[in-house]
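These are the residues of each chain, in order.
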Amino acid sequence: MVNFVMIAFCIIAGMIFRKAKLIPQDAHKGINTWILYLALPAVSFKYIPKIEWSSQMLFPALSPILVWAGCWIFMEFYSRYKGYGQRSRSTLELAGGYSNTSFIGFPLIMAYYGEQDLSIAIICDQVMFVLLSTVGIISAIKGNRSDKEGIKASVLVKRLLTFPPFIGCMGALILSKVTDLSIAEPFFDKLAATVGPLALFSVGLQLKFKGWKQEISQISMSMLYKLMIAPALVLIASILLGIKGDIARISVFEAAMPTLITSSIIAEQFRLNARLINLIIGVSILVGFITTAFWNSIMHLLVI
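Model, not experiment: these values are computed from the prediction.

Focus: the overall build of the protein
Secondary structure assignment for the protein yields 14 helices and 0 strands. The secondary structure elements of the protein, listed N-terminal to C-terminal, are α-α-α-α-α-α-α-α-α-α-α-α-α-α. For the protein, whose C-alpha radius of gyration is 19 Å, the value lies close to the compact-globule estimate of 19 Å for 304 residues. Projected onto the principal axes, the alpha-carbon positions of the protein cover approximately 55 × 50 × 45 Å. Counting the 304 residues in the protein, one finds 53% classified as buried. Here the contacts in the protein between residues at least 6 apart in sequence split such that 86% fall between residues at least 24 apart. On the protein, roughly 14,500 Å² of surface is accessible, and the fraction owed to carbon and sulfur atoms is 67%.

Dropping the structure here:
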């Protein structure tokens, strides 16, 4: 119960601070810099060395790919039915295909299941970022009417290899095999502890809802996929593959997370409908608190 109060408090505090203009308008950028460059890499160094690797640990890596592929198919049919152009389709793909696996996912996982399961969530998060940095960027380029040259593969690779959480993940994987990192664990504990409250406060600073009624059709269809169909796909896959326990639960739970905030940044950069994605992010976070509780109950009923 305490964790849920903390989640609500941090998000509401962020919204109040933004509304009252108690901090600079772009304050979330500084907070996000701390999270991306220090806190999330510390999470990797804290939990990845403790992972007990097995063939089943491939499932958390494959589940974000399943979410993305399902979104690509879903939005293809939906966009054709509505007669949308490539710009609208790319916007909806960014909104529906990428989960908020760290900023919202990590705090909720700690609230529902405990810190020990963050090691599984990290795998989902890193694969999600790789997808966003590759096929997500490619989709955004296709929807950008003014971009005639596209983007080089070398730029995509550089973007991936210089992303701090990815560096932290790879560093933790490699260093944990050649040295004992336990001596630095108290340091990593302190940094990792800032992820939840700061990420949620940052989310509150960025939440926007103005104009949602005009976009209700696209918002509802995007959330239908992101919050209901995507986790259902991962749940079905886990049952078919015989994946159970923490690995299945965390994979499904991460798939049930609301839209990734970074999607808005990419949409703005490539001149897609950033306003629509911001609305989807805001509404999906609020609705996501209800739907994640629903999926948690479903997994308990199925004894997964």
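Thoughts on the packing of helix α6 (residues 118-143) against helix α8 (residues 164-178)
With their axes 10 Å apart at the nearest point, α6 and α8 run at an angle of 130° to one another. By the angle between their axes, α6 is oblique relative to α8. Considering how the two elements wind past one another, α6 and α8 form a crossing that is left-handed. In this structure, α6 contributes I122, Q126, F129 and V130 to the contact, and α8 contributes P165, F166 and C169.

Some remarks on the packing of helix α3 (residues 58-82) against helix α11 (residues 216-241)
Packing of α3 against α11 brings their axes to within 9 Å, and their N-to-C directions diverge by 140°. Of the possible angle classes, the one that applies to α3 and α11 is oblique. Crossing handedness for the pair α3 and α11: right-handed.

Section: unusual backbone geometry
One non-glycine residue with positive phi stands out, namely K21, at about 55°. Summarising the element assignment, K21 is placed in the loop between α1 (2-19) and α2 (27-47).

Some thoughts on the nonpolar core
Residues L94 and F106 are the most contacted members of the largest nonpolar core, which totals 92 residues. Per-element accounting of this core gives the leading share, 12 residues, to α6. If near-sequence neighbours (up to four positions away) are discounted, F106 is found in contact with L40, V43, T101, L118, A121, I122, D125, V195 and E254.

Points about a nonpolar patch on the surface
Together, I12, I16, F17 and L22 give the surface a local cluster of nonpolar side chains, amounting to about 370 Å² of exposed area. Checked against the element boundaries, I16 lands in helix α1.

What about the side chain of D117?
Mapping D117 onto the fold places it in the loop between α5 (105-112) and α6. Nearest to the buried, unbridged D117 among oppositely charged side chains is R249, at 5.7 Å. Each residue touching D117, except ones within four places of it in the same chain, is listed here: I109, D246 and I250.

Some thoughts on α11
Across its 26 residues, α11 extends 36 Å between first and last C-alpha, which sits within 8% of the 38 Å expected from 1.5 Å per residue. Maximum bend of α11: about 35°, positioned at I229, with proline P231 one to four residues after it. Positive backbone phi, at 75°, marks G242, one or two positions downstream of α11.

Describing the environment of C169
Looking at where C169 falls in the secondary structure, it is placed in helix α8. You can call C169 buried: its relative accessible area is 7%. Those residues in contact with C169 that sit more than four places away from it in its chain are S44, I48, I122 and Q126.

Calculation notes
- Residues numbered from 1 in each chain as written.
- Predicted model: local features only at pLDDT ≥ 70, side-chain atom pairs only at ≥ 80, totals over all residues.
- Heavy atoms only, no water.
- Helix = DSSP H or I, 4+ residues; strand = E, 2+ residues; numbered from the N terminus.
- Rg over C-alpha atoms; globule rule 2.2 N^0.38 Å.
- Buried < 20%, exposed > 50% of the residue type's maximum accessible area, 1.4 Å probe, protein only.
- Contact = heavy atoms within 4.5 Å.
- Areas by Shrake-Rupley, 256 points an atom, 1.4 Å probe, with all protein chains shown as cover.
- Axes fitted to C-alpha atoms, helices over the stretch in contact; angles between N-to-C directions.
- Parallel < 35°, antiparallel > 145°, perpendicular 65-115°, else oblique.
- Left-handed = near helix turned anticlockwise from the far one by under 90°.
- Core = buried A, V, L, I, M, F, W, Y, C linked by side-chain atoms within 4.5 Å.
- Patch = residues over 30% accessible without salt bridge, like charges linked within 9 Å, V, L, I, M, F, W, Y side chains within 5 Å.
- Salt bridge = Lys/Arg side-chain N within 4 Å of Asp/Glu carboxyl O.
- Lys, Arg positive; Asp, Glu negative; His and termini not counted.
- Expected span 1.5 Å × (residues − 1).
- Bend = angle between axes of the 7 residues up to and from the residue.

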